[in-house]
Amino acid sequence: MSTPLAPALKTQLDQLVANHPVLIFMKGDLNFPACGFSARAVQALKLAGFQNIHAVDVLADNAIREGIKLYSNWPTIPQVYIRGQFIGGSDIVLEMLQSGELQKLNQA
């Protein structure tokens, strides 16, 4: 049985998602991703034309690193949110880029 998400952490994550139209929870930062999956997700967002991407380095805060998995019910990092909606991880974001769906989200 998994540990429930602490209320203060849920509030912090809610605020991050609400306050940043394009948000990625990743390993490292936008300029220096610390894993290939995070790098590919950032690249896909940039290729789709997204600007003002806000990144949260999960390696800097273990509570966020573990908490975001509970928050989204998604087991892996990176995690991408666009306008408050959980999009998915690296593979999903890349598939959406290739199909044109990601670009459409940027125009919405």
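Residues numbered from 1 in each chain as written. Predicted model: local features only at pLDDT ≥ 70, side-chain atom pairs only at ≥ 80, totals over all residues. Heavy atoms only, no water.

### Examining the nonpolar core
Nonpolar side chains in soluble globular proteins tend to end up buried together.
In step 1: Ranked by internal contacts, the top residues of the largest apolar core, which has 17 residues, are I24, L45, F50, V80, I82 and L102.
In step 2: Going through the elements one at a time, β1 (22–26), α2 (36–47), β3 (79–82) and α4 (90–99) are the ones with two or more residues in this core.
In step 3: The biggest single contributor to this core is α2, with four residues.
In step 4: Beyond its immediate sequence surroundings of up to four residues, L45 is in contact with V22, F50, I53, V80, I82 and L102.
In step 5: Within the second largest apolar cluster, twelve residues are counted, among which are L9, V17, L23 and V58. (Core = buried A, V, L, I, M, F, W, Y, C linked by side-chain atoms within 4.5 Å. Buried < 20%, exposed > 50% of the residue type's maximum accessible area, 1.4 Å probe, protein only. Helix = DSSP H or I, 4+ residues; strand = E, 2+ residues; numbered from the N terminus. Contact = heavy atoms within 4.5 Å.)

### Regarding unusual backbone geometry
Peptide bonds are mostly trans, and most non-glycine residues show a negative phi.
In step 1: The step from I77 to P78 runs through a cis peptide bond, and the omega angle for that step is 10°.
In step 2: You can see P78 is positioned in the loop between α3 (62–72) and β3.
In step 3: Located in the positive-phi region is N52, a residue other than glycine, with phi close to 55°.
In step 4: Within the fold, N52 resides in the loop between α2 and β2 (54–57).
In step 5: Using a relative accessible area of 74% as the deciding quantity, one classes N52 as exposed.
In step 6: Its identity as a non-glycine residue notwithstanding, R83 has a phi of 45°, on the positive side.
In step 7: Looking at where R83 falls in the secondary structure, it is placed in the loop between β3 and β4 (85–88).
In step 8: What makes R83 partly exposed here is its relative accessible area of 45%.

### So, the sheet that holds β2
In step 1: As summarised here, the arrangement of the four strands in space is β2-β1-β3-β4, forming an open sheet in which the pairing is mixed. Unpaired on one side and paired on the other, β2 and β4 mark the two borders of the sheet. Averaged over all pairs of adjacent strands, the angle between strand axes in this sheet comes to 25°, irrespective of strand direction.
In step 2: Relative to β4, β3 runs antiparallel, the two being bridged by three bridges. Opposite V80, over in β4, you have G88 as the bridge partner. (Pairing = 2+ DSSP bridges. Axes fitted to C-alpha atoms, helices over the stretch in contact; angles between N-to-C directions.)

Purely geometric numbers; function is a separate question.
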